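What the coordinates show
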Amino acid sequence: DPGAATVAPRPAVRMTDIRHRFDDLIAVDDVSLDVSPGEVVCLLGPSGCGKTTLLRIAAGLEDVQHGRVQLDGDLVAEAGRRGVPPEKRSVGLMFQDSALFPHLTVLENVVFGLGSLPLADRGRRGHELLEQLRMGQYAHAYPHVLSGGQQQRVALARALAPAPRLMLLDEPFSALDARLRDQIRDDTLHALKSSGAGTLLVTHDPEEAMFMADRIAIMRDGRILQIGHPVDLYCRPADPFVVTFFGDVNRFEGVVERGEVLTPVGRVEATGLQDGTLAQVLVRPEALRVVVVGEPGTHDRTHVIMSRLLGRTSLTHLCVHDDSGREYHLHSRMPGVFLPEENQPVELHLDRSQIFVFPAGA
Ligand code: ATP
């Protein structure tokens, strides 16, 4: 069938018009979301915005109060009807502290859900996944001898073993220390991608979402504010909240005049805003490149308050004055070691791609 090639694959999960209340609290407010097979979608947002509730609805751990859930084209839950129970959904679950069965070996844990396969196939599948997640040599160890990171690797292998069509991961790395996290994220992403399952991953860590996701859905108060490729969200944020979720920003207000807003760091184009309206200007610290000029201590209009090396970047606190003499404190972030002295006069060069203008109050 020549037409078949153009038919999009059925989404691993399709959630449509999902609303969910706990008494008076609206935890999820009209969310629709698709995840394609092989795609990783991250739900990113602050604590309490409804991420976990959405995941639990997809898993069948929470009833659907409004809307419906389809897995691989099959309707599994709909408001007012009893849904397919979690264990019959072909969904792999992994949580922050997914407990392994303490009395079973690592391999026995991984193959636990493979009862329908012949014994030899179970073993082969288990070893394959443990190798992929660098846990091959622990196959016959018991969970209590493993580190937290190793336990999470085994939990992931166990979730992937039955080849689910959808993987649901809720803050799977948040209990691990930062050094471990990079490696396990990398291995997890490879394992997810080679499984071909669609993945919905909950995190409140923007860097984790940027690394793991094909698409990120930024949530606030039960709603998806923006969904897209990580680069889209970072470079073309639709809302001030999306900008600030990726890190602190310098914020100014000003009235739009001839399509521009005057800020203490210079004029900024206010595309799409009418003259006379009040605008807010968000300037990422990395939009401000600091160049030292002249001798320290001369207390120029723009000077350094303090500077700190944070590791991969350096943070500089600056004092800036606008034309009317009003004083502003700003933050600049630059790659590498940049440690100008206190009171050093400086100039600021702007990277306009990291400056965003919205209506005030948006
Ligand atoms: P976190 O990152 O803290 O886990 P989250 O974004 O995953 O947050 P949810 O756990 O989905 O948020 O919770 C959304 C809202 O619903 C919160 O205000 C929470 O307190 C509330 N909530 C969650 N589960 C229940 C429940 N079983 N009963 C009552 N309220 C609940």
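Quick caveat: nothing in here was measured; it's all calculated off a predicted structure. (Residues numbered from 1 in each chain as written. Predicted model: local features only at pLDDT ≥ 70, side-chain atom pairs only at ≥ 80, totals over all residues.)

Here we look at the sheet that holds strand 18 (residues 327-335)
Backbone-to-backbone hydrogen bonds join strands into a sheet, with any given pair of strands oriented parallel or antiparallel. Read from one edge of the open sheet, 3 strands run 16-17-18, paired in antiparallel fashion. Each of the sheet's edge strands pairs with one partner strand only, and the pair in question is strand 16 (303-309) and strand 18. With direction set aside, neighbouring strand axes in the sheet form an average angle of 20°. As defined by bridge partners, strand 17 (residues 313-321) adjoins strand 18 across 9 bridges and the pair is classed as antiparallel. When the bridges of strand 18 are listed, His317 appears paired with His331. (Pairing = 2+ DSSP bridges. Helix = DSSP H or I, 4+ residues; strand = E, 2+ residues; numbered from the N terminus. Axes fitted to C-alpha atoms, helices over the stretch in contact; angles between N-to-C directions.)

What to know about the sheet that holds strand 20 (residues 355-359)
Spatially, the 3 strands line up as an open sheet ordered 11-14-20, and their pairing is antiparallel. Two strands in the sheet have a free side with no partner beyond their single neighbour: strand 11 (250-255) and strand 20. Each adjacent strand pair in this sheet contributes to an overall mean axis angle of 25°, direction not counted. With 6 bridges connecting them, strand 11 and strand 14 (residues 278-283) associate as antiparallel partners. Of the residues in strand 14, the one forming a bridge with Phe252 is Val281.

Considering the UniProt feature "domain: ABC transporter" (unreviewed entry) in the protein
According to UniProt, the "domain: ABC transporter" (unreviewed entry) feature falls on residues 13-246. Annotated as 33% helix and 28% strand, the span residues 13-246 places its first and last C-alpha atoms 27 Å apart. (UniProt positions renumbered as here; feature names shortened; annotations may be inferred.)

Side note on the site of the ligand
Taken together, the neighbourhood of the ligand is formed by Phe22, Leu25, Ala27, Gly45, Ser47, Gly48, Cys49, Gly50, Lys51, Thr52, Thr53 and His204. At the level of elements, strand 2 (25-35) and helix 1 (51-59) are the ones that each hand at least two residues to the shell around the ligand. When residues of the shell around the ligand are assigned to their parent elements, the largest contribution, 3 residues, is made by helix 1. Of the residues in the shell around the ligand, the class split is 4 nonpolar, 7 polar and 1 charged. (Near = placed C-beta within 6 Å. Nonpolar A, V, L, I, M, F, W, Y, C, P; charged D, E, K, R; others polar.)

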